[in-house]
Amino acid sequence: MDSLITPNRFPGKLIIVEGIDGSGKSTQLSLLSRWLRSSGYAVAFSEWNSSPLVHDTTRRGKKKEMFTPTTFSLLHATDFADRTERYILPLMRAGAIVCADRYAYTAFARDVARGVDRKWVRNLYSFAIRPNLAFYFKTPLEVAISRILGGRDALKYYEAGMDLGISSDLVESFRIFQGRILDEYEAMAEEMGFQIIDATQSIEDQQKQMRKIVLKQLGRSLKSSVLRAPILPSGQMNGQPA
Amino acid sequence: MASRHKKSPAGPAKPLTPYSLPLPNVDPAALTGKLIVIEGADAVGRSTQVIQLRQWLEQEGHAVLDTGMARSALAGKGIARAKDGNTLGPVTMTLFYVTDFADRLENEIIPALRAGFIVLTDRYTFSIMARAIARGEDAEWIERVCGFGLVPHAIFYLKARVKQLVSRVVIGRGAFDYWESGMDCHFGHDMYESFVKYQTQLIRALDHMSKRYGFTEIDATRTPECIFQDLQKRIAALNLQKVPARGPKVSA
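Conventions and cut-offs
- Residues numbered from 1 in each chain as written.
- Chains lettered and ligands numbered in written order.
- Predicted model: local features only at pLDDT ≥ 70, side-chain atom pairs only at ≥ 80, totals over all residues.
- Heavy atoms only, no water.
- Axes fitted to C-alpha atoms, helices over the stretch in contact; angles between N-to-C directions.
- Helix = DSSP H or I, 4+ residues; strand = E, 2+ residues; numbered from the N terminus.
- Parallel < 35°, antiparallel > 145°, perpendicular 65-115°, else oblique.
- Contact = heavy atoms within 4.5 Å.
- Nonpolar A, V, L, I, M, F, W, Y, C, P; charged D, E, K, R; others polar.
- Expected span 1.5 Å × (residues − 1).
- Buried < 20%, exposed > 50% of the residue type's maximum accessible area, 1.4 Å probe, protein only.
- Polar contact = N/O pair within 3.5 Å; in protein donor to acceptor, adjacent residues only side chain to side chain.
- pLDDT = per-residue confidence, 0-100.
- Buried area = accessible area lost by both parts, 1.4 Å probe.
- Salt bridge = Lys/Arg side-chain N within 4 Å of Asp/Glu carboxyl O.
- Core = buried A, V, L, I, M, F, W, Y, C linked by side-chain atoms within 4.5 Å.
- Pairing = 2+ DSSP bridges.

### Brief notes about the packing of helix α3 (residues 90-114) of chain B against helix α4 (residues 125-134) of chain B
Residues and elements named next belong to chain B.
(1) Moving on: Packing of α3 against α4 brings their axes to within 10 Å, and their N-to-C directions diverge by 175°. In terms of orientation, α3 and α4 fall into the roughly antiparallel class. Of the residues in α4, those touching α3 at T94, Y97, V98 and F101 are T125, I128, R131 and A132.
(2) Moving on: Residue composition of the contact of α3 with α4, grouped by class: five nonpolar, two polar and one charged.

### A short note on the side chain of N123 of chain A
(1) Moving on: Along the polypeptide, N123 of chain A turns up in helix α5 (residues 118-124).
(2) Moving on: Those residues in contact with N123 of chain A that sit more than four places away from it in its chain are W141, R144 and V145 of chain B.

### Re helix α7 (residues 191-213) of chain B
All names here are of chain B.
(1) Moving on: Counted at 1.5 Å a residue, the expected span for α7 with its 23 residues is 33 Å, and the 31 Å between its end C-alpha atoms agrees.
(2) Moving on: Where α7 is concerned, the buried positions are S194, F195, Y198, Q199, L202, I203, A205, L206, M209, S210 and Y213.
(3) Moving on: Buried residues along α7 sit in contact with β1 (34-40), α4, α5 (139-145), β4 (154-159), α6 (162-173) and β5 (216-219).
(4) Moving on: The distance from a side-chain oxygen at the start of α7 to the backbone nitrogen of Y192 is 2.9 Å, and the residue carrying that oxygen is D190.
(5) Moving on: Positive backbone phi, approximately 70°, marks G214, located one or two places after α7.

### A few points about the confidence of the model for chain B
Residue and element names in this part refer to chain B.
(1) Moving on: Taken over all residues, the pLDDT of chain B has a mean of 90, while the share at 70 or more is 89%.
(2) Moving on: Segment residues 243-252 is flagged for pLDDT under 50; beyond a separation of four residues in sequence, or across chains, it makes 15 contacts in the model.
(3) Moving on: Of the two predicted TM-score estimates for the complex, the pTM is 0.91 and the ipTM is 0.91.

### Focus: the interface of chain B and chain A
(1) Moving on: Each partner contributes residues to the interface: chain B has 29 residues there, and chain A has 28 residues.
(2) Moving on: Interface area for chain B against chain A, summed over the two sides, is near 2500 Å², with a carbon-plus-sulfur share of 65%.
(3) Moving on: The largest contributions to the chain B side of the interface with chain A come from L74, T92 and W141 of chain B, which together make up 23% of the buried area.
(4) Moving on: One can count one salt bridge joining chain B with chain A.
(5) Moving on: Of the charged contacts, one joins D56 of chain A and R81 of chain B as a salt bridge, the two residues approaching to 3.6 Å between their closest N and O atoms.
(6) Moving on: Taken together, the links from chain B to chain A amount to 13 residue pairs in polar contact (both at pLDDT 80 or more).
(7) Moving on: Contributions of two or more residues to the side of chain B that touches chain A are made by α2 (76-84), α3 and α5 of chain B.
(8) Moving on: The biggest single contributor to the side of chain B that touches chain A is α3 of chain B, with eleven residues.
(9) Moving on: When the residues that make up the side of chain B that touches chain A are grouped by side-chain class, the tally is 17 nonpolar, six polar and six charged.

### A closer look at the pattern of salt bridges
(1) Moving on: One pass over the full model with this rule turns up 24 salt bridges over all chains.
(2) Moving on: In this structure, the salt-bridge partner of D79 of chain A is R83 of chain A, at a minimum N-O distance of 2.9 Å. Taken as a pair, D79 of chain A and R83 of chain A lie in helix α3 (residues 69-94) at a separation of four residues, close to a single helical turn. Taken individually, D79 of chain A and R83 of chain A each receive the classification buried, so the pair is uniform in this respect.
(3) Moving on: In this structure, D184 of chain B and R135 of chain B form a salt bridge, with 2.8 Å as the shortest nitrogen-oxygen distance.

### Comments concerning the nonpolar core
(1) Moving on: With 141 residues, the main nonpolar core has Y103, Y105 and Y125 of chain A together with F126 and F148 of chain B as its most contacted residues.
(2) Moving on: In terms of residue count, α3 of chain B provides more of this core than any other element does, 13 residues in total.
(3) Moving on: Here Y125 of chain A is in contact with L4, W48, S73, H76, A77, F80, A104, A107 and F108 of chain A, once residues within four sequence places are set aside.
(4) Moving on: I15, I213, V214 and V226 of chain A belong to the second-largest nonpolar core, a separate cluster that totals 21 residues.

### Let's talk about the side chain of E143 of chain B
(1) Moving on: Of note, E143 of chain B is situated in helix α5.
(2) Moving on: A distance of 2.7 Å separates a polar atom in the side chain of E143 of chain B from a polar atom in the side chain of R212 of chain B.

### Points about the sheet that holds strand β2 (residues 64-68) of chain B
Backbone hydrogen bonds are what pair the strands of a sheet, in a parallel or an antiparallel way.
Residues and elements named next belong to chain B.
(1) Moving on: Judged by pairing direction, the sheet is parallel, and its five strands sit side by side in the order β2-β3-β1-β4-β5 without closing on themselves. Among the strands making up the open sheet, the edge pair consists of β2 and β5. Sheet twist, expressed as the mean angle between neighbouring strand axes with direction ignored, is 20°.
(2) Moving on: Sheet topology note: the β4/β5 ladder contains four bridges and is parallel. Across the sheet, Y157 pairs through a bridge with E217, a residue of β5.

Here it is as structure tokens:
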């Protein structure tokens, strides 16, 4: 059952990004997926905590502040299972490149920072498909925090770890909680084989580095196994014979 | 591993312990109530027994909480909606039910046990595990996921054969249920065939757990009255009166 350890043998490719809030990982993944798409590859996108099946329950739990660390962890795993079973797995089998913004490692870092048992969470996610590439956006805590505080109006309750009662001050709680998450990421980076990107670099430099890694690690198998739209000479519509 | 937790129902009152993983913020020594589980396949007559047992226990002066699957404040509605759409994958369904169980355990069952209640639960982690195993999921995986469950004082396993379940469904309800027939996994060509195959798998999984987790097997092929008397006798043997009623006073 340890799928996260066993390499996946699907024709598709799974590329995921991880990092604390404010690390810039979503921006980078979005740029990468557009680049892959413009190269003609079939690209799909899956975001953390986005299953329509689980959405209402998550919203309910957050709004009424009903979560314990255990139920928070379990419901996010349910969301992840739904996306895996209905979306990621079939698309991987069909030969698409699936880009996931956060993956099981988010739970490994965040749930453990919430006090959930490390081994238990890892077992919980053992049904997850192992990514072909996992990028980790390494960011000093203060850099990430200044990006978050500068860009959004308010920190959210669970995002700031307010449920843990670390501090009654939202910003202070956020700082401590994100610091714990950062420690967990750093501790697992090597074990999980993360491709580490220095997220203090310019957006352009990070993207250049990502693309280089994708080509180096996946280049040959991208061409041989991933679904690709036929490249048409200009003036011809999709679906018409070349 | 789990056979270590095997206990005789009439044994001395030991503090409740988790199967493999302690929950954060729970002191087992403070849980003075009793946890009684009624397990069994679909349509075996569990809910009827829970209703009667509750009435009887309350008449005896015990405070009772009864609970059952998909009744949590957090996930109950979400599960019902997901089942309506018939779109639940097996791992998703399993984890949704574990979420529901965890919410009830932490927010209903444990507070009630702390207050000295008798908690009667219609199904427990065992049904969740049996359903997962019947759908081909890894037994060790789901057992570890459910490891935060408390070891109950007694687990009564209402046991019947598939043939008897079929007749109860047909006579009692008049139709097969999509999920009870395991139609999400298409065990058979039609609901009857699928029901028989799926419930056979479920019973096999529960039978296997019976030894592992020390279930008390109850012959559920008898009349409901007979089963009730049997359960009464066994529950009385749990020394319920010796439960010290600590914690907040019970108003209803």
